[in-house]
Amino acid sequence: MRVIRPRAAFAAALFVSMLACGEGGAPSADASGLATVFDSTRADTVVARTAGQVPADRVRGLTEELRIQPDAEDTSAFTQVYQFVVGRDGRIYVYDDGSSRIFIYGPDGTLQRAFGRAGAGPGEFGQNNGMAMLPDGRLAFLDYQNARLSFFTAAGDTAGAWRVTSGFFTNNGLRTDTTGALLLARPVTAPRDGEILGRMGLVRLGADGALVDSLAPADLPVTRVSYIAEMQGGRSQYNAPHSAQLHWAWHPHGWYAVASGDRYVVELATPGRARRIERDAPAVPVPEAERTDAQERITANLRRNDPNWTFRGPPIPSTKAPVMGLRATGDGRLWVRVATPTEEIPEAERDPATAGRPNPLRFRDANEWEVFDADGRFRGRVRLPARASLM
């Protein structure tokens, strides 16, 4: 299982996670020691329950497999990376925002090719709104600025393009599955009270990029804590740190996994009988200093829209939502980011202060994820480096 980590502006590292697997799907002797119990007594849902906490000495780590780190003065290499993908043959496709180019690296990290430039013509890119590797080995690249979905061979040669409906912009907005279907992340419902946009979901693309049908994730109840500022027709919204959010992931087998964040429950819309992952999750408190810092940051952010905005509404949560993120990886496993005790960021690791913007973050959570098979079986807990991003 591979985890990709952007390491500052000029580097990216490829890691392999260390998760033990036993014969027949049972936990191996050196795994977390937690067993999953399956309850099939319900007519419509199979429940996978895993109780207990993973001992600290059994939390898995990461072993670095590959690092691509150009020298800072190397202007021929990438500079700002927000997304990259790995092909089935191990090739790594990196989009560099600074030069509007795609870099192709071999499995050993050797640069094989770089192509593209800023613009609207053939072989040119306006912006990267998402990349996806298709089962046939092609790379799909979504560019809303040019209202275009481009295709490239594994070697980087042009393989056609579709026109797509623009008017909505997002990062990482392209999904696929094992059938090769292409889906765009877009709002799929009308906004409700307190929302600027409707619920995010996926819209399936038909031939030549036509929007075919909307696929909305399950609408689980969520106790959101958010704050809104309005000024001169503009509206901005800021969610409280650690408050519950609706998390969803598109599984490569073509179904949604959804979690509300309020409870450690993940709903899997698998074909036939649905499945549910249930875990016990002890309450994790939010320190008073972190709550005060969050209130100051929210106020500073919303005053950029309304200079007279004052903090009002519900208080910053005193405990953390147990589920903080949800991902489905190419091997079919589910990764759930879990709440952990707060850590103060060392001074040397904080972002530099910028005039006119909120103060840099002072607190963070340990970057820990729990991993499940597609059927809900618990596989272990993994701690990523503090500044890692799971892609």
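Above: the structure in question.
These numbers were taken from a predicted model, which means no experiment stands behind them.

This part is about the overall build of the protein. Secondary structure summary: the protein contains one helix and 31 strands in total. Residue burial in the protein is summarised as follows: out of 391 residues, 47% are buried. A fraction of 52% describes how many contacts in the protein between residues 6 or more apart in sequence connect residues 24 or more apart. Of the roughly 18600 Å² of accessible surface on the protein, a fraction of 49% belongs to carbon and sulfur atoms.

What follows covers the pattern of salt bridges. Going through the model one piece at a time under the given rule, you end up with 27 salt bridges. Put simply, aspartate 219 and arginine 199 hold a salt bridge, and the shortest N to O gap is 3.8 Å. One end of the pair, aspartate 219, is in the loop between β19 (211-215) and β20 (226-231); the other, arginine 199, is in the loop between β17 (182-187) and β18 (200-205), with 20 residues separating them in the sequence. Judged by relative accessible area, which is 40%, aspartate 219 ranks as partly exposed. Across the pair glutamate 349 and arginine 364 runs a salt bridge, and its minimum N-O distance is 2.9 Å. A residue pair is termed long-range when its members are at least 10 positions apart, and glutamate 349 in the loop between β28 (342-344) and β29 (363-365) and arginine 364 in strand β29 qualify at 15 residues. Judged by relative accessible area, glutamate 349 falls into the partly exposed class, the value being 32%. We classify arginine 364 as buried; its relative accessible area is 18%. Residues joined in a network through salt bridges with shared partners are Arg279, Asp280, Glu343, Glu349, Arg364, Glu368, Glu370, Arg381 and Arg383.

This brings us to the layout of surface pockets. Taken as a whole, the second largest pocket encloses approximately 280 Å³ of empty space. Forming the walls of the second largest pocket are 21 residues, and the residues nearest its centre are Ala281, Pro282, Val284, Ala339 and Arg381. Within the lining of the second largest pocket, the residues separate by chemical class into eleven nonpolar, three polar and seven charged.

Strand order in the open sheet formed by four strands is β12-β13-β14-β15, with antiparallel pairing between adjacent strands. The strands lining the two open edges of the sheet, one partner per strand, are β12 (130-133) and β15 (158-163). Neighbour-to-neighbour, the strand axes of this sheet turn through a mean angle of 15°, independent of strand direction. The sheet contact formed by strand β13 (residues 139-143) and strand β14 (residues 148-152) spans five bridges and is antiparallel.

Core analysis: the largest hydrophobic core is formed by 17 residues, its most contacted members being Ala257, Val266, Leu268 and Val336. In contact with alanine 257, not counting residues within four places along its chain, are His247, Trp248, Ala249, Val266, Glu267, Leu268, Leu326 and Leu334. Leu183, Ala244, Trp248 and Ala321 belong to the second-largest nonpolar core, a separate cluster that totals 13 residues.

Further remarks concern the pairing of β13. The element β13 is extensively covered by neighbouring structure, given that five of its five residues are classed as buried. Residue alternation in β13 divides its side chains into two sets, Leu139, Phe141 and Asp143 and Ala140 and Leu142, and both sets are buried. Strand direction decides the pairing type here: β12 and β13, joined by four bridges, are antiparallel. Bridging across to β13, methionine 131 finds its partner in phenylalanine 141. Linking two consecutive strands that pair antiparallel, namely β12 and β13, is a turn of five residues; a positive phi of about 95° is found at glycine 137 within it. Following β13, the chain reverses through four residues before pairing antiparallel with β14; alanine 147 in that reversal takes a positive phi of roughly 50°.

What describes a pair of aromatic rings is the distance from one ring centre to the other and the angle between the planes of the rings. Under the defined criterion, the tally for this structure stands at 13 aromatic pairs. With a centroid separation of 4.8 Å and 40° between ring planes, the pair formed by tyrosine 227 and phenylalanine 311 is classed as tilted. Placement of tyrosine 227 in strand β20 and of phenylalanine 311 in the loop between α1 (288-302) and β26 (323-328) is noted, with a sequence separation of 84 residues between them. Under the relative-accessibility criterion, tyrosine 227 is labelled buried at 2%. In this structure phenylalanine 311 comes out as partly exposed when scored by relative accessible area, which is 23%. Considering the side-chain rings of tryptophan 250 and tyrosine 256, the 5.1 Å spacing of their centres and the 80° angle between planes classify their relative orientation as edge-to-face. Taken individually, tryptophan 250 and tyrosine 256 each receive the classification buried, so the pair is uniform in this respect. The ring of phenylalanine 378 carries the charged tip of arginine 279 above its face, separated from the ring centre by 4.9 Å.

Moving on, we come to the sheet that holds strand β6 (residues 81-86). Ordered by their spatial adjacency, four strands build an open sheet running β6-β7-β8-β9, and the pairing between neighbours is antiparallel. The sheet terminates laterally at β6 and β9 (111-115), the two strands that pair on one side only. Taking the axes of each pair of neighbouring strands and ignoring which way they run, one obtains an average angle of 20° across the sheet.

Another aspect to go through is unusual backbone geometry. A positive phi is found at serine 100, a non-glycine position, where the angle reads about 55°. Structurally, serine 100 can be placed in the loop between β7 (92-96) and β8 (101-105). Here histidine 242, not a glycine, exhibits a phi torsion of approximately 70°, which is positive. Histidine 242 sits in the buried class, given a relative accessible area of 14%.

Calculation notes
Residues numbered from 1 in each chain as written. Predicted model: local features only at pLDDT ≥ 70, side-chain atom pairs only at ≥ 80, totals over all residues. Heavy atoms only, no water. Helix = DSSP H or I, 4+ residues; strand = E, 2+ residues; numbered from the N terminus. Buried < 20%, exposed > 50% of the residue type's maximum accessible area, 1.4 Å probe, protein only. Contact = heavy atoms within 4.5 Å. Areas by Shrake-Rupley, 256 points an atom, 1.4 Å probe, with all protein chains shown as cover. Salt bridge = Lys/Arg side-chain N within 4 Å of Asp/Glu carboxyl O. 1 Å grid on protein atoms, 1.4 Å probe; cavity = no way out; pocket = protein on both sides within 12 Å on 5 of 7 lines; lining within 4 Å. Points joined across faces, edges and corners; volume = space filled by probe spheres on them. Nonpolar A, V, L, I, M, F, W, Y, C, P; charged D, E, K, R; others polar. Pairing = 2+ DSSP bridges. Axes fitted to C-alpha atoms, helices over the stretch in contact; angles between N-to-C directions. Core = buried A, V, L, I, M, F, W, Y, C linked by side-chain atoms within 4.5 Å. Phe/Tyr/Trp six-rings, centres within 6.5 Å; stacked < 30°, edge-to-face > 60°. Lys NZ or Arg CZ within 6 Å of the ring centre and 35° of its normal.

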